[in-house]
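Examining the three-dimensional arrangement
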Amino acid sequence: LKKRLPVGTHHVKLIVHGDHSFLDLYIAVAPPGEQFVVFSIDGSLTASVSVTGRDPRVRPGVVDVVRYWHDLGYTIIYITARPDMQHKVVALWLALHNFPHGLLIFTPSFSTDPLKQKVLHLKNYLEMGLLITAAYGSSKDVSVYNSAGIKSSRIFSITGGKRGCINIDSYASHLKDLNEGLYDFAKPFDSSLIFPHTNSLNILSRRNLVRRTNSFTPRSGRQLSEKRRLL
């Protein structure tokens with residue numbers, strides 16, 4: 001890039017000159033002070049262990065809680081210890097269940113300590129001057145959030161039985177507490193990041209292709225030149 005990108009979310013296509021293979025990605029440029037709400041995926045959004053199974057059940061009420069924060073103006077971060085090669089399956093699962101747009105953070109495929117990698121991701125954001133207003137996860141995520149430097153009063157565990165966080169019985173009861181103003185930090189925020197609208201029909205039309213393919217890298221492909229297109 002020859003110039004700095006302005007604050008916001010930008011679609012970027014990287015093309016290899018030789019074989020015209022390409023990679024689609026989004027770059028989020030956030031100013032210091034931008035506030036995020038973090039949701040761990042496995043065990044927190046899902047009611048089962050894996051999101052690579054056959055459409056695992058969503059925890060009751062969790063979509064409403066995510067949308068509550070999204071509607072207040074916060075940028076959502078979905079974080080997982082899963083390797084980045086599972087991007088397609090996880091992104092599709094989120095879209096199929098109407099989770100709002102957000103940043104999707106994976107662990108590098110070569111990582112041997114995925115939980116530590118989650119800590120490093122979150123620490124890096126905090127060191128850049130970004131703020132994490134609240135963080136949701138299962139019991140295994142509590143130590144990750146604590147190690148990253150997130151206040152225990154901002155950490156919510158849906159599976160309960162853990163110190164260093166606020167244990168919630170259900171997302172439905174938690175949403176009621178949020179709406180009643182139990183948490184004074186749950187205030188409207190004007191995010192600088194705007195995510196492009198995704199055509200859900202296009203996502204759904206590729207559902208069978210996603211399940212049959214051996215590749216989990218939907219962002220890559222081959223860019224045809226104008227000459228080849230005409231042929």
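The structure presented is a predicted model; accordingly, all values stated were derived computationally and were not measured. (Residues numbered from 1 in each chain as written. Predicted model: local features only at pLDDT ≥ 70, side-chain atom pairs only at ≥ 80, totals over all residues. Heavy atoms only, no water.)

**Details of the nonpolar core**
- Counting residues in hydrophobic clusters, the biggest one holds 32 residues, and the most contacted among them are Phe39, Leu45, Trp69, Tyr78, Phe99 and Tyr136.
- Counting residues per element, this core draws most heavily on helix α1 (residues 62-72), which supplies 7 residues.
- Core analysis: the second largest hydrophobic core is formed by 20 residues, Val38, Ile77, Leu122 and Leu193 among them. (Core = buried A, V, L, I, M, F, W, Y, C linked by side-chain atoms within 4.5 Å. Buried < 20%, exposed > 50% of the residue type's maximum accessible area, 1.4 Å probe, protein only. Helix = DSSP H or I, 4+ residues; strand = E, 2+ residues; numbered from the N terminus.)

**As for the sheet that holds strand β7 (residues 155-157)**
- Sheet architecture is open: 6 strands sit in the order β5-β4-β3-β6-β7-β8, paired in parallel fashion. Each edge of the open sheet is held by one strand with a lone partner, namely β5 (102-107) and β8 (166-167).
- Two elements, strand β3 (residues 35-40) and strand β6 (residues 131-137), share 5 bridges in a ladder whose sense is parallel. Following the sheet pairing, Phe36 is matched in β6 by Ile132. (Pairing = 2+ DSSP bridges.)

**Quick word on the confidence of the model for the protein**
- Residue-level pLDDT values for the protein average 81, and 78% of them are 70 or greater.
- Every residue in residues 198-231 is under pLDDT 50, and counting partners more than four places away or in other chains gives 45 contacts. (pLDDT = per-residue confidence, 0-100. Contact = heavy atoms within 4.5 Å.)

**A word on helix α5 (residues 171-179)**
- Within the span of α5, buried status applies to Tyr171, His174, Leu175 and Leu178. The buried residues of α5 all sit within an arc of 100° when viewed along its axis, so they share a single face.
- Summarising the contacts, the buried residues of α5 are in contact with α1, β6 and β7.
- Backbone geometry just downstream of α5 places Gly181 in the positive-phi region, at approximately 75°. (Arc of directions from axis to C-beta.)

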